[in-house]
Amino acid sequence: MYKDLNPLLHSQLRLAVMSVLIGIEEVEFTFLKEKTGATAGNLSLQMGKLEEAGYIKIIKGFKGKYPVTKCHITESGKKAFCEYATVIKSYLQHL
Amino acid sequence: MKQDNLNPSDSAKIIDEALSHVRNEKTGAYYYYILWGLILMIHFFLRYCKIVYPLLSDYYIDLIIYGVFPIGGILSFIRKDKDAQTENLVTKLEKVYAFGFVGFAICYAILGFVEIKTHVDFKTSLYPMLLGFTVFVTGGITGYKLSIVGGSIGMIISLFTLILGTEWQYLLCSLASLICCVLPGLFMKQVKNV
């Protein structure tokens, strides 16, 4: 019996964001934008959904005079990502 | 980017691509390896010179022996500030380096405190072992072979610092700094993900 995939993570952009965040401590919005190739508006919207679910934490601050948005993955985000990866692995094993 | 309609293979590909992007990010640790490796190398080498060549002026040589540390601190601070302006991510490996070398510094400080209380210098004889161990472990985690080799040699050097006289201890500590920090640091710049 296959487990259901987490619908919040089963989206190309949100999954890409979570996959980047799982491998690092903290990242700026600009890095995510560059690596995912998404538009600022779409990325911001999807990150907002992930934050709402408690999977990531977004921190707004300043770097010198310029505003900067940083984010990192939360414990529940790590758990959700691991569960998602486990389900994907089981799907792939049965392909 | 399009949303949804992902099959498991697509998902696995996205995860793999994202992780490989992150895996290739450098930490900038090479700068600190070279800087602090050189500082400690100079520090210990001058302490060796001070014993072997007692005619050298005490005041000026002491000024350099202990003056290198604040210089290193200032250069590290400037670099950290510069990195904070240009870097847009903090990798997990940076935490590995930070915890590793802070742990090394705490152990070294404890040995320094023991020296004050007992008047026995454990810290110089154990320095190559502590440094070698730290470099060996961080090298193992990051998968950087030169650090693993350098760290191993550092630990082996401690076999001699534990049995030889003070001047040789200083010379070997200087050598350990070169092998454990300066040499791995020089080649680290060309390597991804360290």
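What counts, and where the lines are drawn
Residues numbered from 1 in each chain as written. Chains lettered and ligands numbered in written order. Predicted model: local features only at pLDDT ≥ 70, side-chain atom pairs only at ≥ 80, totals over all residues. Heavy atoms only, no water. Helix = DSSP H or I, 4+ residues; strand = E, 2+ residues; numbered from the N terminus. Buried < 20%, exposed > 50% of the residue type's maximum accessible area, 1.4 Å probe, protein only. Contact = heavy atoms within 4.5 Å. Areas by Shrake-Rupley, 256 points an atom, 1.4 Å probe, with all protein chains shown as cover. Lys, Arg positive; Asp, Glu negative; His and termini not counted. Charge placed at Lys NZ, Arg CZ, Asp CG, Glu CD. Rg over C-alpha atoms; globule rule 2.2 N^0.38 Å. Pairing = 2+ DSSP bridges. Axes fitted to C-alpha atoms, helices over the stretch in contact; angles between N-to-C directions. Arc of directions from axis to C-beta. Expected span 1.5 Å × (residues − 1). Bend = angle between axes of the 7 residues up to and from the residue. Patch = residues over 30% accessible without salt bridge, like charges linked within 9 Å, V, L, I, M, F, W, Y side chains within 5 Å. Salt bridge = Lys/Arg side-chain N within 4 Å of Asp/Glu carboxyl O. Parallel < 35°, antiparallel > 145°, perpendicular 65-115°, else oblique. Nonpolar A, V, L, I, M, F, W, Y, C, P; charged D, E, K, R; others polar.

K.L.:
Can you explain the overall build of chain A? Please cite residues and give values.
P.N.:
Across its full length, chain A carries four helices and three strands. Helices (α) and strands (β) of chain A occur, in sequence order from the N terminus, as α-β-α-α-β-β-α. For chain A, with 95 residues in total, the buried portion stands at 43%. Summarising the internal contacts of chain A: among those between residues at least 6 apart in sequence, 56% fall at separations of at least 24. With an accessible surface of roughly 5200 Å², chain A has 56% of that area assigned to carbon and sulfur atoms. Averaging the coordinates of the 13 positive side-chain charges in chain A and doing the same for the 9 negative ones gives two points 4 Å apart.

K.L.:
Quick one: what's the story with the overall build of chain B, residue by residue and with numbers?
P.N.:
A tally of regular secondary structure across chain B gives seven helices and one strand. Walking chain B from its N terminus toward its C terminus, one meets helices and strands in the order α-α-α-β-α-α-α-α. What you see for chain B is a C-alpha radius of gyration of 20 Å, clearly larger than the 16 Å of a compact globule of 194 residues, by over 25%. C-alpha atoms of chain B, sized along the principal axes, occupy 80 × 35 × 30 Å. Here chain B holds 194 residues, and the buried ones make up 39% of them. As presented, chain B carries roughly 10800 Å² of accessible surface, and 71% of it is formed by carbon and sulfur atoms. Computing the positive centroid from 16 side-chain charges and the negative centroid from 14, chain B places the two 2 Å apart.

K.L.:
I'd like a description of the environment of Phe104 of chain B, backed by residues and values.
P.N.:
Residue and element names in this part refer to chain B. Locating Phe104 in the fold gives a position in helix H4 (residues 92-118). Classification of Phe104 by relative accessible area gives buried; the value is 11%. In the structure, Phe104 is positioned 28 residues away from Gly132 in sequence and 9.9 Å away in space, judged by C-alpha atoms. Leaving out residues up to four positions away in the same chain, Phe104 has contacts with Tyr127, Leu130, Leu131 and Thr134.

K.L.:
Describe the pairing of strand S3 (residues 66-73) of chain A, listing the residues and the values that go with them.
P.N.:
Residues and elements named next belong to chain A. Across two bridges, the pairing between strand S1 (residues 24-28) and S3 is antiparallel. Counterpart to Glu28 in the pairing with S3 is Lys70. Where strand S2 (residues 56-63) and S3 come together, eight bridges link them in antiparallel fashion. Residue pairing for S3: Ile56 is matched across the bridge by Ile73. Between S2 and the antiparallel strand that follows it, S3, lie two residues; Gly64 among them carries a positive phi value of about 65 degrees.

K.L.:
Describe the sheet that holds S2 of chain A, and please don't skip the residues or the numbers.
P.N.:
Spatial ordering of the open sheet is given by S2(A)-S3(A)-S1(A)-S1(B), a layout of four strands whose pairing is antiparallel. The open sheet has two edge strands with one neighbour each: S2 of chain A together with strand S1 (89-91) of chain B. Each strand axis lies, on average, 20 degrees off the axis of its neighbour in the sheet, ignoring direction. Docked against the sheet, helix H2 (residues 29-36) of chain A engages S1 and S3 of chain A together with S1 of chain B, running at close to 90 degrees with respect to S1 of chain A.

K.L.:
Before we move on, can you summarise H2 of chain A with the specific residues and values?
P.N.:
Residues and elements named next belong to chain A. For H2, the set of buried residues is Phe29, Phe31, Leu32 and Thr36. Mapping the buried residues of H2 onto a view down its axis gives an arc of 160 degrees, with all of them on the same face. Downstream of H2 by one or two residues, Gly37 has phi in the positive range, about 70 degrees.

K.L.:
Tell me about helix H7 (residues 166-188) of chain B, residues and numbers included.
P.N.:
Given a rise of 1.5 Å per residue, 23 residues ought to cover 33 Å, and the 32 Å separating the end C-alpha atoms of H7 of chain B matches this to within 8%. At Leu178 of chain B, H7 of chain B shows its maximal bend, which comes to roughly 35 degrees.

K.L.:
Lay out a nonpolar patch on the surface in plain terms, naming residues and giving numbers.
P.N.:
A contiguous nonpolar patch, built from Met129, Ile156, Leu159, Phe160, Leu162, Ile163, Leu164 and Trp168 of chain B and spanning about 800 Å² of accessible area, is present on the exposed surface. In this structure, Leu159 of chain B sits in helix H6 (residues 145-161).

K.L.:
Provide a residue-level description of the packing of H6 of chain B against H7 of chain B, including the pertinent values.
P.N.:
Residue and element names in this part refer to chain B. At a closest axis distance of 9 Å, the pairing of H6 and H7 adopts a crossing angle of 180 degrees. With respect to their mutual orientation, H6 and H7 come out roughly antiparallel. On H7, the residues that touch Leu146, Ser147, Gly150, Gly151, Ile153, Gly154, Ile157, Phe160 and Thr161 of H6 are Gln169, Leu172, Leu175, Ala176, Ile179, Cys180, Leu183, Pro184, Phe187 and Met188. A per-class count over the contact of H6 with H7 returns 13 nonpolar, six polar and no charged.

Honestly, that's just the spatial picture; any functional story needs more than this.
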